[in-house]
Structures are given as C-alpha cells and as structure tokens.
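Each chain is listed here by its residues.
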Amino acid sequence: YGGSARFTVHGDADPAGASGTFHTTVSSVTAQAGSAVVKGNGTVDLTLRRFDVANGEAEFSAAGLEVHDVATGKQTGYWASVNASPCKVSLTGGLTVQATLAGKARDAQLPIVIVDGPGILATIVGKQGFTFSTRLRMTPTTTDLTDLHVLGNTYDLRAHYRADGTGQNGSALVTTPA
C-alpha cells in the first residue's frame, strides 16, 4: 500500500485552541477498503473553525473529499464528491462525528463492492449516477444516518439507517415516493 501526497496547512493557534485550513492531494494511492484493494487519486479540504483543546472538540465549517480515477477489480474510472458542512468531531468519551453530508457519485458499483453489499442492491441502484444527503452521527457504538435521501436516474430513496458498533446489527427504514 502506498502513494504520494502533497499538503498545504494554514492556521492560527494558542494554548486554548486552533483554527485554519488544510488541503491535501493524493496520487496513485493503493489501500485496503473492506475486502477490496482500491487504487485512485483524490483531494481533501478542511476548514477548521475552532479546535477547543480543553474539551477535545473540533468544529469544521467545511470539509470536502473528492476521489477520481478509482479502481478495484473490474470497477474502473469511479468518481465521487462528498461535503460535510457543518461537521463536529469530539474526542471526549471516544471519537464522535456529527455532520450534515451531501454529495454525488458516478454510480454505486464501487461502494457496493467495498462493503460487500448484496447483489440485489447492485441490480436496483448500482449502475446509476446519484446524489445524496444525510445527517450523520457516528460514535464508537453506533452509526446513524438520519434523513438519508438518495436520488438516482430512476429512483428516489429516503431512509433512516442505524447500526451498532460491531457492524453486525443494523436496520433501515426505506420509503419511495408513490
């Protein structure tokens, strides 16, 4: 596993906290993602509004991830863009992330391969481009996606998803417009 990266960091800090921006570009990265070996390129942009050292909390006014030219197995040329605004990360009592996410992707084929999703899912939504939005809350013991909205060429899904920290137990309520 490897690749290369370039970083740009600008910030202000004092004993109570910090703020600033972070930008990185990664090229030719190879990594393990679930059961798949994934190769690709991407960028990460973060705008840290405030990091409170005493409370171990960081508030980002914007966080963005873009990936392109991603490949695994027979899947090639994948791209996706995800933005989190606002985004709050807390280290108190274990890592907790809360964010409002929005994004778009070429299709669902690569994410389905990475999470080893069921074949029926690939058949229904896998080959369509889509946009999505949700509110995320992730703790060491649970993952919640509230007001999940996925809009593809021929589908419009709305759901609430909740899973425990083991990745073994989860549930989803999915609705589709009439």
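Just so we're clear, the structure is a prediction, and the values are computed from it rather than from any experiment. Residue indices follow the written sequence of each chain, beginning from 1 at its first position. pLDDT decides what is reported in this predicted model: residues at 70 or higher carry local features, side-chain atom pairs at 80 or more are listed and counted, and totals for whole chains, interfaces and linings draw on all residues regardless. Values shown for side chains rest on all heavy atoms present in the structure; no hydrogens or waters enter the calculation.

**Student:** Explain the nonpolar core to me, and be specific about the residues and the numbers.
**Tutor:** As used in this record, nonpolar core signifies buried Ala, Val, Leu, Ile, Met, Phe, Trp, Tyr and Cys residues forming a set joined through side-chain atoms within 4.5 Å. Each residue's exposure class comes from its accessible area (1.4 Å probe, protein chains only) as a fraction of the maximum for that residue type: buried when under 20%, exposed when over 50%, partly exposed otherwise. Counting 29 residues, the largest nonpolar core has F60, Y78, A84, C87, V89, F130 and V150 as the members making the most contacts within it. Numbering of helices and strands runs from the N terminus, with a helix taken as a DSSP run of H or I at least four residues long and a strand as a DSSP run of E at least two residues long. Sorting the residues of this core by element identifies β3 (36-52), β4 (57-72), β5 (75-90), β6 (96-105), α1 (109-114), α2 (119-125), β7 (130-138) and β8 (142-152) as the ones contributing at least two each. With five residues, the top contributor of residues to this core is β5.

**Student:** Before we move on, can you summarise the confidence of the model for the chain with the specific residues and values?
**Tutor:** Every residue is assigned a pLDDT by the predictor, reflecting its confidence on a scale from 0 to 100. Overall, the prediction assigns the chain a mean pLDDT of 85, with 88% of residues at 70 or greater. Here strand β10 (residues 170-175) stands out as the element of the chain with the lowest mean pLDDT, 65, in contrast to β6, whose mean of 95 is the highest.

**Student:** Hey, could you go over the pattern of salt bridges for me, with residue numbers and the actual values?
**Tutor:** What makes a salt bridge here is a side-chain nitrogen of Lys or Arg within 4 Å of a carboxyl oxygen of Asp or Glu, nothing more. Per the counting criterion, the structure on display carries seven salt bridges. Residue R49 pairs with E59 through a salt bridge whose shortest N-O separation is 2.4 Å. In this pair, R49 is assigned in strand β3 and E59 in strand β4, connecting sequence segments ten residues apart. By relative accessible area, which is 54% here, R49 ends up exposed. With its nearest N and O atoms 2.5 Å apart, the salt bridge here joins R162 to D144.

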